[in-house]
Amino acid sequence: MIHTQTGSSRRILTFPAVNPCESISLTTLVDSLLQIAGEILSFKPKHFSTNKRSVKETLRHVQTLVIFFEELRIQIRVGSIPAGRSVILSLSELHVIFQKLKFLLDDCTRDGAKLYMLMNSGQVSAHFRALTRSISTSLDTFPVRSVDLPGEVNELIYLVMRQTRKTEARPDRDDKRAIDSVYWFFNLFENRINPNSDEILRVLDHIGVRKWRDCVKEIDFLREEISVEKKSNIEIELLSNLMGFICYCRCVILRGIDVDDEEKDKEEDDLMMIRSLNVDDLRCPISLEIMSDPVVLETGHTYDRSSITKWFASGNITCPKTGKTLVSTVLVDNFSVKQVIQSYSKQNGVVLGQKGKKKVDVAESLAAEEAGKLTAEFLAGELIKGDEEEMVKAFVEIRILTKTSSFYRSCLVEAGVVESLMKILRSDDPRIQENAMAGIMNLSKDIAGKTRIVGEDGGGLRLIVEVLNDGARRESRQYAAAALFYLSSLGDYSRLIGEISDAIPGLVRIVKSCDYGDSAKRNALIAIRSLLMNQPDNHWRILAAGIVPVLLDLVKSEEISDGVTADSMAILAKMAEYPDGMISVLRRGGLKLAVKILGSSEVSPATKQHCVALLLNLCHNGGSDVVGSLAKNPSIMGSLYTASSNGELGGGKKASALIKMIHEFQERKTGPGEPVLERERFVHAW
C-alpha cells in the first residue's frame, strides 16, 4: 500500500501529497485509490464549517469514481487491462489529487479551526475549484477507448470529466452572510458595543461551535497560528480580532452551555491526573522549564530537545543527569510525556515556548482590545451580581484569561476584579475561595494589580497570609504562597510581608509539611527566596522561622525533585552570606551535604551551581577552619573542576574562586616546596 502523509503536524491549508513511485504496480495503485476514496467518503456525516455545497459536489464525484476504480480492479484481475504508461500516469495523478482533497476536507472539519476556515472560505473555494478541475485533466489522459470497460462505466468517466471541467466552486451564500456578520461584530467591538447574542449564536451554529469546549479549541488553534512567524500585519490583525471575538463568545455567550457528560468525565479524569502529577517531572533537567518537545537519551532520561541539542553542540557527549558517556546521541521522542504535558498545559492555560515562535497575547488590534475590555467588564459584573453558579463560571474564566495573557490581566484589574476577589477570599465555600485565590495569584503578576491587591494599608497582604495559614484547601494555600512571591518582587511589599508575623512561618510550614507536593513546596521556596533577595532584613526572620534545619532535612530525604533541591540550596547559599546563617548551616551538617550533592550525578547543573555558591559563602564567612574541613574531602576538587568547566549561571567563576581558596590553604599548610605536588595530587584526583 502507498504510504501517505498523515497530516498530524501539517499546517492548515497545506497539502503535502506523496507521488506514487514510478515502478508501482497497477493493482497496488488501484487498491490505494479505493482506500483513500473510502477515507474521503467517510467525511460525509461530518459538519463542515464552510463551502458545504462544494464539499457535497466533491464527494459525489469521488463516489462516482469509486465505481470506475472497482471495475478497473475486476478487469485487472482477469488480465484485460494493460499496465500501460498512460494508465499509470493518469491514476497516479488522481492519487495525488485525492490526497490533497482529503487534506482539504480534514481542514474543513478540523476541531479548533472552524472560525478560521470560515474567514478563509474564498481560499478554500479556490482549492476545491483547482483540485476538482484537476480531476478532469487527469481523466483526459486515461485511455478510455483502448481499455475494455463496460459502456456504462465509460459514460460515468465522461460525465465526471464534463462536470469537473466546468466546476465553479464558490463560497456559499450562508458563508458570505456569516463572514459579514463577523466583520460587523469587529466594528461593534471597536466602538465598545456588545453585539446581539442571537446573531452571534447564529454564526457559531453555522460553523459548528456550540459549546464552551469548542471555543477553547478555537482559541488554542488561533494562538498557535498567531505564534507562527512570517505573517503579514493584516493576517496578524485578523487573527487577533478572531481571538478577541471567540474569547468573548466563550466568556459571555456560551458560558452556560457546558460539555456533555462524556466530555465532563474525560475532563475530570484529566484534572485528577494533573492534580496528582509532580509538575517538576515535566521540567527539563537542564533548563528547568516545562518541556515543549521531550526526547529520551539512551540512559532513559528525558530532556527538552532544544536544551539537550545545545548541550551536545557545546561538545558534551554525556548524559547531564548521570554523567555517563553516551555511545549514541540519537534523540527519541517521548510521546507519553508529551501527551501529559499537553494535558497539563490545557488544564492550566500554559503556553509552551517553542523555537521560531513568538510570545502570543491578544491585543494586536483595536477590535480585540475593546472585545477584551467588554469581556472583563462582563466577568466583573458576574462577580458582583451573579448567583453562586455564575460566580464559579466567572472564576474559571478569570483563571484561564489571567494565566497566560498580560493583556487580560490588565483589563480585569481595570474592570475592578481585584477588589471583588479580595472580598470573596473569606468565603466559607472552599471551591470559591480556591478560585478567588488563584485569580489573585495571576493578577499579582500585573503592576497595577499588585497595588490594588496590597491596598493602601497593606490589608490585602494580611488577607493573603490568612489564606496561606488557614485556607480551606491545600490548593488555596499553595496559590497564596505563589501570590506572595509575585508581590514580594517589590522591595516595599517584601518588607511588609516580612513584618506580618505569620507570613514567613506559614511559608516554612508548607516546605516542611508532608501534606504538600513538590509544586506547592517550590511555590513556598521561591517566595522565601524572593523575600530574602528583595529585603535583606528578612534574613533574620527567615532564620528564626527555622528554615535552615527544614531545608537540610528536606534535601537529605532524597524524596524530592531536583527543582526543590535547587531552590533549597539557593536559599541556603543566600543564608550563608550572613554570619548567623553560616553558623546555622555548619552546625547542622550543611557543609558535608553540599559536598555530597555537588558530587552527585543525579542533580542538574543549576543545583550544583547553588552548591558551589553555598560552599563559597561558608568558606568566606567561616574562615580557614571551614576551608580546611572542605580540603580534607578527597572528592571535592574533582567536583569543583567539573563545576568550573560547566559553569552556567556564573557558577564557573565561583567554582574557580573556591578552588583558588583551597589551593592557597594547602600552600600555607604544607609550606614552601610542596604546593606543586599538592596541586598535582588534586589535578590527578580530578
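Residues numbered from 1 in each chain as written. Predicted model: local features only at pLDDT ≥ 70, side-chain atom pairs only at ≥ 80, totals over all residues. Heavy atoms only, no water.

An unreviewed UniProt entry lists the chain under the name RING-type E3 ubiquitin transferase, from Arabidopsis thaliana x Arabidopsis arenosa. Within the UniProt record for the chain, the comment given under Pathway (unreviewed entry) is "Protein modification; protein ubiquitination." The UniProt entry for the chain carries the following comment under Catalytic activity (unreviewed entry): "S-ubiquitinyl-[E2 ubiquitin-conjugating enzyme]-L-cysteine + [acceptor protein]-L-lysine = [E2 ubiquitin-conjugating enzyme]-L-cysteine + N(6)-ubiquitinyl-[acceptor protein]-L-lysine." (UniProt positions renumbered as here; feature names shortened; annotations may be inferred.)

Within the chain one finds 34 helices and 3 strands. Expressed as a percentage of its 686 residues, the buried residues of the chain come to 52%. Once local pairs closer than 6 in sequence are excluded, the contacts in the chain between residues at least 24 apart make up 74%. Accessible area of the chain: about 31700 Å², with a carbon and sulfur share of 50%. (Helix = DSSP H or I, 4+ residues; strand = E, 2+ residues; numbered from the N terminus. Buried < 20%, exposed > 50% of the residue type's maximum accessible area, 1.4 Å probe, protein only. Contact = heavy atoms within 4.5 Å. Areas by Shrake-Rupley, 256 points an atom, 1.4 Å probe, with all protein chains shown as cover.)

For helix 28 (residues 579-587), every residue scored as buried is listed here: Gly581, Met582, Ser584 and Val585. Taken down its axis, helix 28 places every buried residue within 165 degrees of arc, on the same side. Projecting away from the buried face of helix 28 at angles above 90 degrees are the exposed residues Pro579 and Arg587. Elements in contact with the buried residues of helix 28: helix 25 (538-544), helix 26 (547-556), helix 27 (562-575), helix 29 (590-598) and helix 30 (605-622). Looking one or two places after helix 28, you find glycine 589, whose phi comes out positive at around 80 degrees. (Arc of directions from axis to C-beta.)

A separate point is the pattern of salt bridges. Under the definition given, this model contains 26 salt bridges. A salt bridge links lysine 217 to aspartate 111; its shortest N-O distance comes to 3.5 Å. Of the two residues, lysine 217 is situated in helix 9 (residues 212-227) and aspartate 111 in the loop between helix 3 (85-108) and helix 4 (114-119); the sequence distance between them amounts to 106 residues. A residue is classified by how much of its surface remains accessible, and aspartate 111, at 48% relative accessible area, is partly exposed. Residue lysine 373 pairs with glutamate 370 through a salt bridge whose shortest N-O separation is 3.7 Å. Of the two residues, lysine 373 and glutamate 370 are both situated in helix 14 (residues 366-385); the distance of 3 residues between them amounts to about one turn of the helix. (Salt bridge = Lys/Arg side-chain N within 4 Å of Asp/Glu carboxyl O.)

The next thing to look at is the packing of aromatic side chains. The description of two aromatic rings rests on the distance between their centres and on the angle between their planes. Enumeration according to the criterion identifies 9 aromatic pairs in this entry. Note on tyrosine 116 and phenylalanine 221: the rings are 5.3 Å apart at their centroids and 70 degrees apart in plane angle, and the pair reads as edge-to-face. Taken together, the residues tyrosine 116 in helix 4 and phenylalanine 221 in helix 9 connect sequence positions 105 residues apart. Among the residues examined, phenylalanine 221 registers a relative accessible area of 7% and is labelled buried. Here a set of aromatic residues connected by ring pairs shows up, and it is made of Phe68, Phe69, Phe98 and Phe142. (Phe/Tyr/Trp six-rings, centres within 6.5 Å; stacked < 30°, edge-to-face > 60°.)

It is worth spelling out the sheet that holds strand 1 (residues 294-296) at this point. Taking strand neighbours across the sheet as the criterion, the 3 strands line up as 2-1-3 in an open arrangement whose pairing is antiparallel. This sheet does not close on itself; its edge strands, each paired only once, are strand 2 (302-304) and strand 3 (332-333). (Pairing = 2+ DSSP bridges.)

Our next topic: helix 32 (residues 636-645). In terms of residue burial, helix 32 counts as a mostly covered element, since 7 of its 10 residues are buried. Taken residue by residue, helix 32 has Ile636, Met637, Gly638, Ser639, Leu640, Tyr641 and Ala643 as its buried positions.

Moving on: the confidence of the model for the chain. The predicted coordinates ought not to be read in detail in places where the model reports low pLDDT. Per-residue confidence for the chain averages 84 on the pLDDT scale, and 88% of its residues sit at or above 70. Model confidence for the chain, summarised as mean pLDDT per element, is weakest for helix 34 (residues 675-685) at 35 and strongest for helix 7 (residues 173-190) at 96. The low-confidence segment residues 1-8 (pLDDT under 50) makes 18 contacts with residues lying over four places distant or belonging to another chain. In the predicted structure, residues 259-269 sits below a pLDDT of 50 and forms 9 contacts with residues beyond four places in sequence or in another chain. (pLDDT = per-residue confidence, 0-100.)

Looking now at the environment of glutamate 377. Here glutamate 377 is to be found in helix 14. You can call glutamate 377 partly exposed: its relative accessible area is 39%. For glutamate 377 and cysteine 411, which are 34 residues apart along the polypeptide, the C-alpha to C-alpha distance reads 8.2 Å. If sequence neighbours within four positions are ignored, glutamate 377 has contacts with Arg192 and Ala415.

This paragraph deals with the nonpolar core. Core analysis: the biggest nonpolar cluster contains 196 residues, and Phe68, Phe69, Leu91 and Phe98 have the highest contact counts within it. No fewer than three residues from each of domain 1 (26-171) and domain 2 (417-545) sit in this core. Aside from chain neighbours lying at most four places away, what touches phenylalanine 68 is Leu91, Leu139, Phe142, Leu149, Val153 and Ile157. Formed by 15 residues, the second largest nonpolar core is a distinct cluster that contains Trp311, Phe312, Leu326 and Tyr344. (Core = buried A, V, L, I, M, F, W, Y, C linked by side-chain atoms within 4.5 Å. Domains from an automatic or database assignment.)

As a further point, take the environment of leucine 658. Examined against the element boundaries, leucine 658 turns out to sit in helix 33 (residues 651-670). Judged by relative accessible area, leucine 658 falls into the buried class, the value being 0%. The sequence separation of leucine 658 and histidine 620 amounts to 38 residues, and the corresponding C-alpha distance is 9.3 Å. Setting aside its immediate chain neighbours within four residues, leucine 658 contacts Val612, Leu615, Leu616, Cys619, Leu630 and Leu640.

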